[in-house]
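Each chain, letter by letter, is given below.
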Amino acid sequence: MKSSWLYDALLELLPTLPAPPPLTFHTTPRAPYFSLTATSPLGCSTTISFSKNQLDTFQVSEPTCHSYRFGFVRHAVRAMERAKMVSIRGDKQGVLSLQFMIEWEGGMDGGGTGKGPSFVEFRVLPVGEGGSESEEEMGDGDGKEGQSECGGNDIGDWVV
């Protein structure tokens, strides 16, 4: 999908709270296909959905739902705002892969001249059951984000 669409969605969901809540990725073989949700500690939630015509490739056989620390996904924002396209993938364990295609002058076209694409990839582990001790040790938040709203669904791989 266009990287700018994901970038705009994250800006919309970006909380101003000191400890942002998890960001939840939902995929399903039927509409709304792909959506992102952030729920505040006060229970207010915002969901942004993407239609199938916004997605270049969409491969999902079973509904999936995984939550990720907003702070970890936020590390990809610089690449996201410069990229032309983004490939979003997940596996059975919930590992999120964000691969960005960035076009630049003097790119990888074989001769070192002209314009060509480069790829940057980020991988993010899902929020674990019952807390986030390892995330707290990483120094990104206070570890009080809570449980995933997904219920731990880990069925199948998915590609957006």
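Residues numbered from 1 in each chain as written. Predicted model: local features only at pLDDT ≥ 70, side-chain atom pairs only at ≥ 80, totals over all residues. Heavy atoms only, no water.

Draft legend 1. Region of the structure containing the overall build of the protein. The helix and strand tally for the protein stands at four helices and nine strands. For the protein, the N- to C-terminal ordering of α and β elements is α-β-β-β-β-β-α-α-β-β-β-α-β. Evaluated residue by residue, the protein yields a buried proportion of 41% over its 160 residues. Intrachain contacts of the protein at a sequence separation of at least 6 include 60% that bridge at least 24 residues. (Helix = DSSP H or I, 4+ residues; strand = E, 2+ residues; numbered from the N terminus. Buried < 20%, exposed > 50% of the residue type's maximum accessible area, 1.4 Å probe, protein only. Contact = heavy atoms within 4.5 Å.)

Draft legend 2. A look at the packing of aromatic side chains. Applying the stated criterion to the full structure yields five aromatic pairs. Their ring planes at 45 degrees and their centres at 5.9 Å tell us that F25 and F34 sit as a pair that is tilted. Ring geometry for F100 versus F122: centroids 6.0 Å apart, planes at 75 degrees, classification edge-to-face. Here F100, found in strand β7 (residues 96–105), pairs with F122, found in strand β8 (residues 115–124); they are 22 residues apart in sequence, far enough to count as distant. On the basis of relative accessibility, which here comes to 0%, the residue F100 falls in the buried class. (Phe/Tyr/Trp six-rings, centres within 6.5 Å; stacked < 30°, edge-to-face > 60°.)

Draft legend 3. Spatial organisation of the environment of G128. Residue position: G128 is located in the loop between β8 and α4 (133–137). Residues G128 and R69, 59 residues apart in the sequence, show an inter-C-alpha distance of 10.0 Å.

Draft legend 4. Summary view of the environment of F72. Relative to the helices and strands, F72 resides in helix α2 (residues 70–74). Residue class for F72 comes out buried when judged on its relative accessible area of 19%. Residues F72 and F122, 50 residues apart in the sequence, show an inter-C-alpha distance of 9.4 Å.

Draft legend 5. Structural view of the nonpolar core. Counting 32 residues, the largest nonpolar core has F34, L36, I88 and F100 as its most contacted members. Those elements that place two or more of their residues in this core are α1 (3–13), β1 (23–27), β2 (34–39), β3 (45–50), α2, α3 (77–82), β6 (85–90) and β7. (Core = buried A, V, L, I, M, F, W, Y, C linked by side-chain atoms within 4.5 Å.)

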